[in-house]
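# Reading the structure
Each chain, letter by letter, is given below.
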Amino acid sequence: MEEIVKLPHILTIYRTNNLDIPTISTEYKNIPCVYYLLYKNKVIKVGQAIDVCSRFAGYRSEAITYPKHRTNGSWRTVKTLYETMNVGEIVTVYARFIEIKKQYVLLEGKRIPITVDLRKIESEEQDKYRETLLLK
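So, here's what we can say about the structure.

Counting through the fold element by element, L133 comes out in the segment after α3 (118-128). Taking relative accessible area as the criterion, L133 reaches 18% and is therefore assigned buried. On a C-alpha basis, the gap between L133 and Y104 in space is 36 Å, while along the polypeptide they are 29 residues apart. Not counting residues up to four positions away in its chain, the partners in contact with L133 are V43, I44, K45, V46 and Q126.

Structure (structure tokens):
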């Protein structure tokens, strides 16, 4: 937990009568990351995104139309936040950004790019905070 709050704080979600999910700064656009939602100083969600701005735009869109159910995964997160948070409460969002350097290996004479497995990192982090997660 202590290591998470040392990461960049990218967003605060507010619970008013609705769920207020502000826009994330475009400085984070197109930078892969693993993000953490903290509620009452507990990690309730660990997720991963290639573009965190786009990911949270999806959450914001779902919050606006809630409780109308749509088919994407953002609806489940928004529903859980609505059901968990009381008016006046907040969720803070931190992100571990992963700088991808163009690295390659040669395989049978071909340059193959080395990629970062965000899903594996996300899964390892979810295991670490399993006790407090409300969403997976």
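Text resumes after the structure shown.
Residues V105, L107, I112 and I114 make up a contiguous nonpolar surface patch of about 320 Å² in total accessible area. Within the element layout of this structure, L107 appears in strand β6 (residues 104-107).

In the structure shown here, the tally under the stated rule is 6 salt bridges. With a shortest N-O distance of 3.6 Å, R96 and E125 are connected by a salt bridge. One end of the pair, R96, is in strand β5 (residues 90-97); the other, E125, is in helix α3, and 29 residues separate them in sequence. By relative accessible area, R96 is classed as partly exposed at 26%. Its relative accessible area of 8% is what places E125 among the buried residues.

For the rest of this paragraph, the subject is the environment of E83. Positionally, E83 belongs in helix α2 (residues 74-84). With 76 residues separating them in the primary sequence, E83 and L7 have C-alpha atoms 27 Å apart. Polar side-chain contacts of E83 include one of 2.7 Å to the side chain of K79.

Attention shifts here to the pairing of β5. Sheet faces and side chains relate simply in a regular strand, where the side chains alternate between the two faces. The buried fraction of β5 is high, at 6 of 8 residues. Relative to β5, strand β1 (residues 9-15) is paired through 5 bridges, and the arrangement is antiparallel. Of the residues in β5, the one forming a bridge with L11 is V93. Summarising the sheet, strand β3 (residues 33-39) and β5 pair through 6 bridges and their orientation is antiparallel. Residue pairing across strands places C33 opposite F97, the latter belonging to β5.

Spatially, β2-β1-β5-β3-β4 is the arrangement adopted by the 5 strands of the open sheet, whose pairing is antiparallel. Strands with a single pairing partner mark the edges of an open sheet, and in this sheet they are β2 (19-20) and β4 (42-49). Seen against the sheet, helix α1 (residues 52-65) touches β1, β2, β3, β4 and β5 and runs at an angle of roughly 40 degrees to β3.

What counts and what doesn't
Residues numbered from 1 in each chain as written. Predicted model: local features only at pLDDT ≥ 70, side-chain atom pairs only at ≥ 80, totals over all residues. Heavy atoms only, no water. Helix = DSSP H or I, 4+ residues; strand = E, 2+ residues; numbered from the N terminus. Buried < 20%, exposed > 50% of the residue type's maximum accessible area, 1.4 Å probe, protein only. Contact = heavy atoms within 4.5 Å. Patch = residues over 30% accessible without salt bridge, like charges linked within 9 Å, V, L, I, M, F, W, Y side chains within 5 Å. Areas by Shrake-Rupley, 256 points an atom, 1.4 Å probe, with all protein chains shown as cover. Salt bridge = Lys/Arg side-chain N within 4 Å of Asp/Glu carboxyl O. Polar contact = N/O pair within 3.5 Å; in protein donor to acceptor, adjacent residues only side chain to side chain. Pairing = 2+ DSSP bridges. Axes fitted to C-alpha atoms, helices over the stretch in contact; angles between N-to-C directions.

None of the figures reported here should be taken as evidence of function without further support.
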